[in-house]
Amino acid sequence: MADDLEIFNAHQEDVRRRADSLVKSIFILSGGTLTLSIGIFTGPSAPALTSGLSCILKFSWWGLFLAIIFLALTLVTIIARDYTFGERWRKQLNGQNIDISGNPTLIEIVIWVLAIIGMLAFLAGFLGQAYVASNVI
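Residues numbered from 1 in each chain as written. Predicted model: local features only at pLDDT ≥ 70, side-chain atom pairs only at ≥ 80, totals over all residues. Heavy atoms only, no water.

Looking at the element boundaries, Ser30 is found in helix H1 (residues 2-42). For Ser30, the residues in contact, after removing those within four places along its chain, are Leu64, Ala67, Ile68 and Phe122. (Helix = DSSP H or I, 4+ residues; strand = E, 2+ residues; numbered from the N terminus. Contact = heavy atoms within 4.5 Å.)

Below is the structure:
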């Protein structure tokens with residue numbers, strides 16, 4: 001039983017580390033892309049864009065911005081869930097009869113929805129940037 005618990009904990013830690021790494025990468029890519037793109041397309045030597053490309057560019061900026069927001073909300077929700085779980089566990093260790101079974105709840109659904117929206121926003125924003133860049137050349 002103890003070996004199973006150690007394997008489970010190692011697995012959970014690995015998944016959390018991978019998720020953190022992915023989100024940090026998206027933060028860096030989104031933030032860097034926003035900074036460069038806004039600087040290039042709003043500067044004095046900005047390339048001329050058609051109204052269609054301008055619309056796609058603005059959409060991509062919003063996508064990248066929303067990716068940062070939704071993925072940050074995902075991390076905050078995960079931290080809140082883990083804190084709540086730890087408090088329930090502490091109460092059980094102190095002798096209170098608390099259910100810490102860890103069955104999936106509404107909070108897991110919220111985490112997945114936020115993460116999926118964040119990923120879709122990132123992909124849309126990044127693809128929009130690539131589309132505009134390839135049409136400006």
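Now that the structure has been shown, we can carry on.
On to the confidence of the model for the chain, then. Should the pLDDT be low somewhere, the predicted coordinates at that spot are not to be read in detail. Across the chain, the average pLDDT comes to 89, with 93% of residues at 70 or higher. Model confidence for the chain, summarised as mean pLDDT per element, is weakest for H1 at 89 and strongest for helix H3 (residues 106-136) at 96. (pLDDT = per-residue confidence, 0-100.)

Quick look at H3 now. Helix length check: H3 (31 residues) gives 45 Å between terminal C-alpha atoms against 45 Å at 1.5 Å per residue, within 8%. Burial in H3 covers these residues: Glu108, Ile111, Leu114, Ala115, Gly118, Ala121, Phe122, Gly125, Gly128, Gln129 and Val132. (Expected span 1.5 Å × (residues − 1). Buried < 20%, exposed > 50% of the residue type's maximum accessible area, 1.4 Å probe, protein only.)

Once their charged atoms are close, side chains differing in charge can pair, the charge on each being opposite to the other. Here the structure, examined in full by the defined rule, presents six salt bridges. For Arg17, the salt bridge goes to Glu13, with nearest N and O atoms at 3.2 Å. With Arg17 and Glu13 both in helix H1 and four residues apart, the pair spans about one turn of that helix. By relative accessible area, Arg17 is classed as partly exposed at 48%. Note that Asp14 is salt-bridged to Arg18, the shortest N-O span being 3.0 Å. (Salt bridge = Lys/Arg side-chain N within 4 Å of Asp/Glu carboxyl O.)

One pass over the structure, following the stated rule, counts two aromatic pairs. With 5.7 Å between their ring centres and 85° between their planes, Trp62 and Phe65 make a pair best called edge-to-face. Placement of the pair is Trp62 and Phe65 together in helix H2 (residues 51-93), with a separation of three residues, close to one helical turn. For Trp62, a relative accessible area of 54% gives the class exposed. (Phe/Tyr/Trp six-rings, centres within 6.5 Å; stacked < 30°, edge-to-face > 60°.)

What follows deals with H2. Under the 1.5 Å per step criterion, the end-to-end length of H2 is 63 Å for 43 residues, consistent within 8% with the ideal 63 Å. Taken together, the buried positions of H2 are occupied by Leu53, Leu57, Ser60, Trp61, Gly63, Leu64, Ala67, Leu71, Thr74, Leu75, Thr77 and Ile78. The first or second residue beyond H2 is Gly95, which carries a positive phi of 100°.

Further remarks concern the nonpolar core. Among the nonpolar cores identified, the biggest contains 14 residues, and Phe41, Leu57, Trp61, Phe122 and Val132 are the most heavily contacted of them. Secondary-structure elements contributing two or more residues to this core are H1, H2 and H3. Per-element tally for this core: the top contributor is H2, with seven residues. (Core = buried A, V, L, I, M, F, W, Y, C linked by side-chain atoms within 4.5 Å.)

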